[in-house]
Amino acid sequence: MSITVYEKPTCTTCRKLNKLFIENGIDWKKVNYFIEPFDEKNLASLLEKTGLRPFDVLRRAEPEYKIAGIDKASTDAEVIAAMVKYPSLIQRPIVEVGEKAVLARPIEKALELIGK
């Protein structure tokens, strides 16, 4: 079972998830999506695996939210395009296991996904 965590290393929640995985003996691959950015197709596919709409995964308190000019009336494609342009808009961490993914907020959602 391959586990991938899309994160920002300086994010407090991401660091808590790393600690939780270490404590539970879980091996995973980290992807810092600020260094390895998403393209629209990959981000759309990942979000589809979560079952969440792109707007539900937005960090609306970020200054880039206003700059991006998106809101609840924006299409999924518009929101994804803004997230690709401004990766700080993406809630994190997102944990992917095969054909499923979860926004690990709270971090225990990640354990539910991997069956621990």
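Scope of this entry: the structure provided in the associated data block. (Residues numbered from 1 in each chain as written. Predicted model: local features only at pLDDT ≥ 70, side-chain atom pairs only at ≥ 80, totals over all residues. Heavy atoms only, no water.)

Among the secondary structure elements, S2 is positioned in the segment before strand 1 (3-7). With relative accessibility at 57%, the residue S2 sits in the exposed group. Measuring from C-alpha to C-alpha, the distance between S2 and D56 comes to 25 Å, with 54 residues separating the pair along the chain. (Helix = DSSP H or I, 4+ residues; strand = E, 2+ residues; numbered from the N terminus. Buried < 20%, exposed > 50% of the residue type's maximum accessible area, 1.4 Å probe, protein only.)

One pass over the full model with this rule turns up four aromatic pairs. Geometrically, the ring pair formed by F21 and W28 is edge-to-face, given 5.2 Å between the ring centres and 75 degrees between the ring planes. Through a chain of ring-to-ring contacts, three or more aromatic side chains come together here, namely Y6, Y33, F34 and F38. The ring of F34 is capped by K8, whose NZ or CZ atom sits 5.0 Å from the centre of that ring. (Phe/Tyr/Trp six-rings, centres within 6.5 Å; stacked < 30°, edge-to-face > 60°. Lys NZ or Arg CZ within 6 Å of the ring centre and 35° of its normal.)

Now for helix 4 (residues 76-85). Structurally, the α-helix is built with 3.6 residues per turn, so residues lying three or four positions apart point the same way. Taken together, the buried positions of helix 4 are V79, I80, A82 and M83. Relative to the axis of helix 4, the buried residues are bounded by an arc of 160 degrees and lie together on one face. With respect to the buried face of helix 4, the exposed residues turned more than 90 degrees away are A77 and K85. Elements in contact with the buried residues of helix 4: helix 2 (40-50) and helix 3 (63-68). (Arc of directions from axis to C-beta. Contact = heavy atoms within 4.5 Å.)

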